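Analysis of the macromolecular model
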Amino acid sequence: MFIIIGIIFLIIGVIWTFIGRLPGDISFKKGNFTFYFPIMTSIVVSIILSLIFFILGRFR
């Protein structure tokens, strides 16, 4: 079970590097302070998860 969870986290990490910085994400850098708020990435992930759970709920 831990191996499967680890593989899932690995896949999520690889996918996150591809969609990690979308246009619409808020990034603010001043000196050695950086603030990053991934609002567009959060919206995309929410839509994808909603579709996955909707499809899984239809087959239940």
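Residues numbered from 1 in each chain as written. Predicted model: local features only at pLDDT ≥ 70, side-chain atom pairs only at ≥ 80, totals over all residues. Heavy atoms only, no water.

As for the pairing of strand β1 (residues 26–30)
Under the convention used in this document: Note on pairing: two strands pair once DSSP finds at least 2 bridges between them. Helix and strand assignments follow DSSP, with helices taken as H or I runs no shorter than four residues and strands as E runs no shorter than two, numbered in order from the N terminus.
Bridge count for β1 against strand β2 (residues 33–37) is five bridges, and the pairing is antiparallel. Residue pairing for β2: Lys29 is matched across the bridge by Thr34. The hairpin turn running from β1 into β2, its antiparallel successor, is two residues long, and Gly31 in that turn takes a positive phi close to 65 degrees.

Quick word on the environment of Ser42
What counts is decided by this rule: Each residue gets one of three labels from its accessible area relative to the maximum for its type: buried under 20%, exposed over 50%, partly exposed in between, using a 1.4 Å probe on protein chains only.
Tracing the sequence through the fold places Ser42 in helix α2 (residues 39–58). Looking at Ser42, the relative accessible area reads 39%, which means it is partly exposed. Along the backbone, Ser42 and Leu22 are 20 residues apart, and their C-alpha atoms lie at a distance of 9.9 Å.

Concerning the environment of Val44
Position of Val44 among the secondary structure elements: in helix α2. Taking relative accessible area as the criterion, Val44 reaches 27% and is therefore assigned partly exposed. Put simply, Val44 and Gly13 are 31 residues apart on the chain and 15 Å apart in space, counted from C-alpha to C-alpha.

Here's the deal with the side chain of Thr41
Applied cut-off: Contacts are assigned to residue pairs that have any heavy atoms within 4.5 Å of one another.
By secondary structure assignment, the location of Thr41 is in helix α2. The exposure class of Thr41 is buried, given its relative accessible area of 0%. Residues within four places of Thr41 in sequence aside, it is in contact with Trp16, Ile19, Gly20, Arg21, Leu22, Asp25 and Tyr36.

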